[in-house]
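Overview (structure and organization)
Listed here are the chains, written in short residue letters.
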Amino acid sequence: PIMNVCSGRAYSVAELYSIIAAEMGSLITPKFDTTAQFWSRYPMIQGLDPAVIAAEVNKRTLGDPTLIRLALGWRSSTDIVEGIKRLVEASGALP
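Residues numbered from 1 in each chain as written. Predicted model: local features only at pLDDT ≥ 70, side-chain atom pairs only at ≥ 80, totals over all residues. Heavy atoms only, no water.

Observations regarding the overall build of the protein
So the rule is basically this: The helix and strand labels rest on DSSP assignments: H or I over at least four residues marks a helix, E over at least two residues marks a strand, and numbering proceeds from the N terminus. Atoms considered for the radius of gyration are the C-alpha atoms alone. The globule rule reads 2.2 Å times the number of residues to the power 0.38. Residue contacts are defined here by distance: any two heavy atoms, one from each residue, within 4.5 Å place the two residues in contact. Computed with the Shrake-Rupley method and a 1.4 Å probe, the accessible areas treat only the protein chains shown as cover for residues. His is not counted here, nor are the chain ends, while Lys and Arg score as positive and Asp and Glu score as negative. The location of each charge is read from NZ of Lys, CZ of Arg, CG of Asp or CD of Glu.
Scanning the protein from terminus to terminus reveals five helices and two strands. When the elements of the protein are put in sequence order from the N terminus, they spell out β-α-α-α-β-α-α. Its C-alpha atoms give the protein a radius of gyration of 18 Å, clearly above 12 Å, the size a compact globule of 95 residues would have. The principal-axis extents of the C-alpha atoms in the protein amount to approximately 50 × 40 × 15 Å. The long-range fraction of contacts in the protein, counting pairs at least 24 apart against all pairs at least 6 apart in sequence, stands at 70%. Per element, the accessible surface of the protein, about 7500 Å² overall, is 61% carbon and sulfur. Between the averaged position of the 9 positive side-chain charges in the protein and that of its 9 negative side-chain charges there is a distance of 2 Å.

Examining helix 1 (residues 13-24)
An α-helical segment advances 3.6 residues per turn. Residues three or four places apart therefore align on the same side. Operational definition: The span one expects for a helix is its residue count, reduced by one, times 1.5 Å.
Taking 1.5 Å as the rise per residue, helix 1 with twelve residues should run 16 Å; its terminal C-alpha atoms sit 16 Å apart, in good agreement. A positive backbone phi angle near 70° is found at Gly25, which sits one or two residues after helix 1.

Things to note about the pattern of salt bridges
Put simply, the rule reads: One side-chain nitrogen of Lys or Arg within 4 Å of one carboxyl oxygen of Asp or Glu is enough to make a salt bridge. Buried means the residue's accessible area, taken with a 1.4 Å probe over protein chains only, is under 20% of the maximum for its type, while exposed means over 50%, and partly exposed covers the values in between.
Under the counting rule described, the total for this entry stands at one salt bridge. For the salt bridge of Arg86 with Glu82, the shortest nitrogen-to-oxygen distance reads 3.1 Å. Remark: Glu82 and Arg86 occur in helix 5 (residues 80-91); sequence separation between them is four residues, near one turn of the helix. When its relative accessible area of 45% is taken as the criterion, Arg86 is described as partly exposed.

Topic: the side chain of Ser12
Looking at the secondary structure, you find Ser12 in strand 1 (residues 11-12). Taking relative accessible area as the criterion, Ser12 reaches 13% and is therefore assigned buried. Residues within four places of Ser12 in sequence aside, it is in contact with Lys59 and Arg60.

Thoughts on the packing of helix 1 against helix 5
Note the following rule: Axis definition: a line fitted to C-alpha atoms, over the contacting stretch in the case of helices. Angles run 0 to 180 degrees between N-to-C directions. Angles are sorted into four bins: roughly parallel if under 35 degrees, roughly antiparallel if over 145, roughly perpendicular if 65 to 115, and oblique for all others. Crossing handedness follows the turn of the near helix against the far one: under a right angle anticlockwise gives a left-handed crossing, and clockwise gives a right-handed one. For this scheme, ten residues count as nonpolar: Ala, Val, Leu, Ile, Met, Phe, Trp, Tyr, Cys and Pro. Four count as charged, namely Asp, Glu, Lys and Arg, and the remainder, Gly too, count as polar.
Contact geometry for helix 1 and helix 5: axes closest at 10 Å, N-to-C directions at 50°. Accordingly, the angle class assigned to the pair helix 1 and helix 5 is oblique. The handedness of the crossing between helix 1 and helix 5 comes out as right-handed. Between helix 1, through Leu16, Ile19, Ile20, Glu23 and Met24, and helix 5, the contact on the second element is made entirely by Ile80, Val81, Ile84, Lys85 and Val88. Of the residues assigned to the contact of helix 1 with helix 5, the class counts are eight nonpolar, no polar and two charged.

By themselves these figures say nothing about function.
Structural data, given as structure tokens:
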């Protein structure tokens, strides 16, 4: 079976970006379009419920650790900030 190695806590793309940018010392700030800018770029989807679009755009990523906990007794012990810090260090992305 496929098992998620995760904490079970949800994070938005913006939250993940902020954590990664902070760890890498990035000064780049994400740019978010206004609703008008968004719709002007994608006229082919006009007519869709803006709430549906907003829900898709603002989705959060969430893994379910139930299977790995039940099968192996594993629980997350590293929070996302520490995990990303370790990932950046292991990747050698920073001098």
